[in-house]
Amino acid sequence: MLLCINWLQPFLALLSSTLLTRGHNCPSSCLCPDHHTVDCTGQGLTRLPDSIPLDVRRLLLSNNWISLIPSDFLVLYSDLVYLDLRNNSLSELEPGTLSTSSRLVFLDLGSNNLTEIPSGTFGESRSLIKLRLGNNPYLSMVREDAFKGLTSLRELELERNGLAALDIRVLEPLSSLRMLRLEGNPWVCNCHFAKLFVWLTENRHKLPTGMEGIECSLPLDGRVVPLSLLSEESFQACRGNLTLTDYLVVIFSGISVSVAAIMASFFLASTVHCFQRLSKGSKGDEEEGND
């Protein structure tokens, strides 16, 4: 019996160490109020802490100086549902960094130094319901497929950033969207803004501050006015303006029509020529018959 116990001791030690790593160890300078929560708020961290339990579900990292999220970070924490990185020093997100977060429901990246949201940033995070990206004063670009795959997203916050324009194709994949915050951005009401204005008018019920809470500057005199004072007629001068895509469509259509016309003319000329040869052959046969 004693020999069996001695033989089992290394195995039991390894098992207990694994259990501690998965649920009971807490990173230094952090608090763990329960087995699934790690709270490292306001600890002056410059990078993600070590020894985070693998089964963590709520990870609170706000009010630190973290400047980078490793691209493989979420691969290890497949149970994570709540991630708060608000008020850090993040300046960029590598495409795919958050794409493996299959269970993530809440993500806060507000109050950082982000400049761009690249295409494919969130991959297929189909469980994500709330995404906070507000208060990033240098955030001036959201790429077309940045939110592709976020089919469950209900709340999107993009307020108080540096956005002057936003392509509506960015919003089209968000089929479950219920709330959108866009106030506090330096919007410019030019022709690039026209389609977004129409979209906002049709979806004004999703705007917590309404159309009156979103302001834009007029291109002619720079006056800042709330969107509630504008209408689709305010952008009527844009209806005659063609974008590069429009020009390419027109050019391609013109080329296609020209090719079709040439082919039709060639076919018609060939048909007429054949009929003429047949007619001459028939007349020659008739003349030989009369002789």
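What counts and how
- Residues numbered from 1 in each chain as written.
- Predicted model: local features only at pLDDT ≥ 70, side-chain atom pairs only at ≥ 80, totals over all residues.
- Heavy atoms only, no water.
- Phe/Tyr/Trp six-rings, centres within 6.5 Å; stacked < 30°, edge-to-face > 60°.
- Helix = DSSP H or I, 4+ residues; strand = E, 2+ residues; numbered from the N terminus.
- Buried < 20%, exposed > 50% of the residue type's maximum accessible area, 1.4 Å probe, protein only.
- Pairing = 2+ DSSP bridges.
- Axes fitted to C-alpha atoms, helices over the stretch in contact; angles between N-to-C directions.
- Salt bridge = Lys/Arg side-chain N within 4 Å of Asp/Glu carboxyl O.
- Core = buried A, V, L, I, M, F, W, Y, C linked by side-chain atoms within 4.5 Å.
- Contact = heavy atoms within 4.5 Å.
- Disulfide = S-S within 2.5 Å.

Draft legend 1. Region of the structure containing the packing of aromatic side chains. Going through the model one piece at a time under the given rule, you end up with six aromatic pairs. Taking 4.2 Å as the distance between ring centres and 10° as the angle between the ring planes, the aromatic pair formed by Tyr82 and Phe106 counts as stacked. Within this pair, whereas Tyr82 is found in strand β4 (residues 82-84), its partner Phe106 is found in strand β5 (residues 106-108), the two being separated by 24 residues in sequence. Judged by its relative accessible area of 24%, Tyr82 is partly exposed. The structure contains a cluster of three or more aromatic residues connected by ring pairs, namely Trp187, Phe193, Phe197 and Phe235.

Draft legend 2. Highlighting the sheet that holds strand β13 (residues 224-226). Ordered in space as β11-β12-β13, the three strands form an open sheet in which the pairing is mixed. Two strands in the sheet have a free side with no partner beyond their single neighbour: β11 (187-188) and β13.

Draft legend 3. Expanded view of the sheet that holds strand β10 (residues 179-181). In space, the eight strands of this open sheet follow the order β1-β2-β3-β4-β5-β7-β9-β10, with mixed pairing throughout. Because the sheet does not close on itself, it has two edges, and the strands there are β1 (31-34) and β10. Each strand axis lies, on average, 5° off the axis of its neighbour in the sheet, ignoring direction. When β1 meets strand β2 (residues 37-39), the two strands line up antiparallel, connected through two bridges. Along β2, the bridge assignment pairs Leu31 with Asp39.

Draft legend 4. Representation of the pattern of salt bridges within the structure. Applying the stated criterion across every chain yields a total of 14 salt bridges. One salt bridge connects Asp50 with Arg47, and the closest N-O pair in it is separated by 3.3 Å. Here Asp221 makes a salt bridge to Arg223, at a shortest N to O gap of 2.8 Å. Taking relative accessible area as the criterion, Arg223 reaches 48% and is therefore assigned partly exposed. Each of the salt bridges in this network shares a partner with another, and the network as a whole consists of Asp84, Arg86, Asp108, Arg132 and Glu157.

Draft legend 5. View of the nonpolar core. Counting 64 residues, the largest nonpolar core has Leu109, Ile117, Leu131, Phe147, Leu156 and Leu227 as the members making the most contacts within it. Considering every element that reaches this core, the biggest residue donor is helix α3 (residues 194-202), with five residues. Not counting residues within four places of it along the chain, the set of residues in contact with Leu227 comprises Cys189, Phe193, Phe197, Leu200, Met211, Ile214 and Cys216.

Draft legend 6. Seen up close, the environment of Leu133. Locating Leu133 in the fold gives a position in the loop between β7 (130-132) and β8 (141-142). Once residues within four sequence positions are removed from consideration, Leu133 is found in contact with Leu109, Gly110, Leu114, Ile117, Leu139, Phe147, Leu156, Glu157, Leu158 and Asn161.

Draft legend 7. Expanded view of the state of the cysteines. The full count for this structure, using the stated rule, is four disulfides. Shown here is the disulfide that connects Cys26 with Cys32, its sulfur atoms set 2.1 Å apart. Note on the Cys26 and Cys32 pair: the S-S dihedral is about 90°, so by sign convention the disulfide is right-handed. Among the residues examined, Cys32 registers a relative accessible area of 29% and is labelled partly exposed. Between the sulfur of Cys189 and that of Cys216 lies a disulfide, 1.8 Å long from S to S. One disulfide, between Cys189 and Cys216, carries an S-S torsion of -100° and so falls in the left-handed class. On the criterion of sequence distance, the pair formed by Cys189 in the loop between β11 and α3 and Cys216 in strand β12 (residues 215-217) is long-range, its members being 27 residues apart. On the accessibility criterion, Cys216 (1% relative accessible area) is buried.

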